[in-house]
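Spelled out, the chains give:
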Amino acid sequence: MGEKALYIEKADAIATIVIDRPDKRNAFTLDMWKTLTSLLEELEADEATKVVVIRGVDDTAFAAGADISEFISNRSSAEKAKAYNDKSMEAVDRLHTFSKPTIAMIRKYAVGGGLDIALSCDFRFSAEDGIFAITPAKLGIVYNLTSTKRLVDLIGPSRTKEILYTASALDVHEAYRFGLIDRIYTSEELIEKTYEFARLLTQRSQVSIRGAKQMIRAILNGHTEEDEQIVQLVLQSFNSDDYKEGVEAFLEKRKPNFR
């Protein structure tokens with residue numbers, strides 16, 4: 001199931017991870033969490049890939065969380081729940097720490113683990129029919145610390161409490177006001193605008209983009225001063241081919257051609 005329900009499409013320097021289980025609103029099985037980790041590892045190692053988009057196969061859903069029909073078999077005890085949660089968190093954390101830019105392209109439902117996937121991307125672009133929720137309060141589950149911190153970092157503690165306490169669904173405009181998503185498009189515009197933005201990122205210095213991503217992550221993890229690793233991250237950029245190309249392009253009054 002996992003291999004068929006998740007797959008990669010590539011066009012130029014943009015890779016798309018497609019979630020293809022529309023009959024279940026793209027709800028994730030245990031196998032799908034494992035597959036997501038594998039696909040991210042594959043794309044991390046692929047030098048031709050500069051940007052990754054994650055999307056549902058059609059307009060049915062982005063992802064409606066975990067497949068609850070598996071809970072009896074895979075999460076029927078604390079021990080089984082830990083094994084399941086470890087695999088799902090491994091996938092989400094791998095996405096969160098992915099070195100390249102990531103964009104969640106959302107149509108309809110981004111709920112529970114599906115919203116967790118979206119929140120682990122750098123950007124979230126939604127169609128006007130987007131629906132957003134995190135629902136452990138309807139299932140008697142305590143939401144994990146890592147995902148809760150990610151939510152607090154993004155929208156603050158009060159709005160995080162509202163989302164987790166009430167388990168209520170937000171429409172796209174409420175989600176935008178909360179800061180859960182970055183841009184709203186019509187259903188007709190969403191694909192074009194998402195990939196237009198992705199192409200723009202492929203034209204910029206990947207040294208700069210990946211360095212900025214690493215720097216922002218360090219700040220969110222509590223860094224307030226530059227340690228040796230951060231210092232070297234900045235200094236090494238001056239030795240990069242991107243830096244040489246950027247300076248030459250500026251002096252020659254042309255657009256840089258970053259590789």
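Further up the page is the structure itself.
To start, this report covers the structure provided alongside it. Keep in mind that this is a model prediction, so the values were computed, not measured.

What follows deals with the overall build of the protein. The secondary structure content of the protein amounts to twelve helices and ten strands. At 19 Å, the protein has a C-alpha radius of gyration in line with the 18 Å of a compact globule built from 259 residues. Overall, the C-alpha framework of the protein stretches about 60 × 40 × 35 Å when taken along its three principal axes. In the protein, buried positions account for 45% of the 259 residues. Expressed as a percentage of contacts within the protein between residues at least 6 apart in sequence, the contacts between residues at least 24 apart total 68%. Surface accessibility of the protein: about 13700 Å² in total, with carbon and sulfur atoms responsible for 53%.

The next thing to look at is the nonpolar core. If you look at the biggest cluster of nonpolar residues, it comprises 44 residues, and the most contacted ones within it are I17, F28, L36, I54, F62, F132 and L180. Looking at this core, the element that brings in the most residues is helix α2 (residues 30-45), giving seven residues. Dropping the residues within four chain positions of it, I54 is found in contact with I17, I19, F62, L95, I103, A104, M105, I117 and C121. By size, the runner-up hydrophobic cluster in this structure holds 14 residues, among which are V51, I103, F125 and L190.

Turning to helix α12 (residues 241-251), a few remarks are in order. All of the buried residues along α12 are D242, E245 and A249. On an axial view of α12, the arc spanned by its buried residues comes to 65°, and they lie on one face. Counted as exposed and oriented over 90 degrees from the buried face of α12: F250 and L251. Of the surrounding elements, those touching the buried residues of α12 are α10 (206-220). One or two steps after α12, the chain reaches K253, where phi turns positive at roughly 55°.

A few words on the packing of helix α4 (residues 78-96) against helix α6 (residues 145-155). Taken N-terminus to C-terminus, the directions of α4 and α6 make an angle of 35°; their axes are 11 Å apart at the nearest point. Here α4 and α6 pass one another in a crossing that is left-handed. From α4, M89, V92, D93 and H96 reach across to α6, where they touch T146, S147 and R150.

Phi is positive for A167, which is not a glycine, with a value near 55°. According to the relative accessible area criterion, A167 is buried, its value standing at 2%.

All right, on to α10 then. Residues separated by three or four positions in an α-helix point in the same direction, a consequence of the helix having 3.6 residues per turn. With 15 residues, α10 should reach 21 Å at 1.5 Å per residue; the first-to-last C-alpha distance of 21 Å fits that figure. If you check which residues of α10 are buried, you get Q206, I209, G211, K213, R217 and A218. Contact partners of the buried residues in α10: α4, β5 (102-106), α9 (187-202), α11 (228-237) and α12. Where α10 begins, the capping side chain belongs to S205, and its oxygen is found 3.3 Å from the backbone nitrogen of V207.

A few words on the side chain of K50. Relative to the elements of secondary structure, K50 occurs in the loop between α2 and β3 (51-56). No salt bridge forms around the buried K50; measuring N to O, its nearest opposite-charge neighbour D242 is 7.5 Å away. From its side chain, K50 meets the backbone oxygen of T202 in a polar contact 3.3 Å long. In this structure, K50 is in contact with A13, K100, P101, T202, Q206, R210, F258 and R259, ignoring residues within four places of it in sequence.

What follows concerns the sheet that holds strand β9 (residues 170-171). Across the sheet, four strands lie side by side as β4-β6-β8-β9; this open sheet has mixed pairing. For this open sheet the edge positions go to β4 (61-63) and β9, each flanked by a neighbour on one side alone. Note: strand β8 (residues 131-133) against β9, two bridges, orientation antiparallel. What sits directly across from F132, in β9, is L170.

The rules behind the values
- Residues numbered from 1 in each chain as written.
- Predicted model: local features only at pLDDT ≥ 70, side-chain atom pairs only at ≥ 80, totals over all residues.
- Heavy atoms only, no water.
- Helix = DSSP H or I, 4+ residues; strand = E, 2+ residues; numbered from the N terminus.
- Rg over C-alpha atoms; globule rule 2.2 N^0.38 Å.
- Buried < 20%, exposed > 50% of the residue type's maximum accessible area, 1.4 Å probe, protein only.
- Contact = heavy atoms within 4.5 Å.
- Areas by Shrake-Rupley, 256 points an atom, 1.4 Å probe, with all protein chains shown as cover.
- Core = buried A, V, L, I, M, F, W, Y, C linked by side-chain atoms within 4.5 Å.
- Arc of directions from axis to C-beta.
- Axes fitted to C-alpha atoms, helices over the stretch in contact; angles between N-to-C directions.
- Left-handed = near helix turned anticlockwise from the far one by under 90°.
- Expected span 1.5 Å × (residues − 1).
- Polar contact = N/O pair within 3.5 Å; in protein donor to acceptor, adjacent residues only side chain to side chain.
- Lys, Arg positive; Asp, Glu negative; His and termini not counted.
- Salt bridge = Lys/Arg side-chain N within 4 Å of Asp/Glu carboxyl O.
- Pairing = 2+ DSSP bridges.

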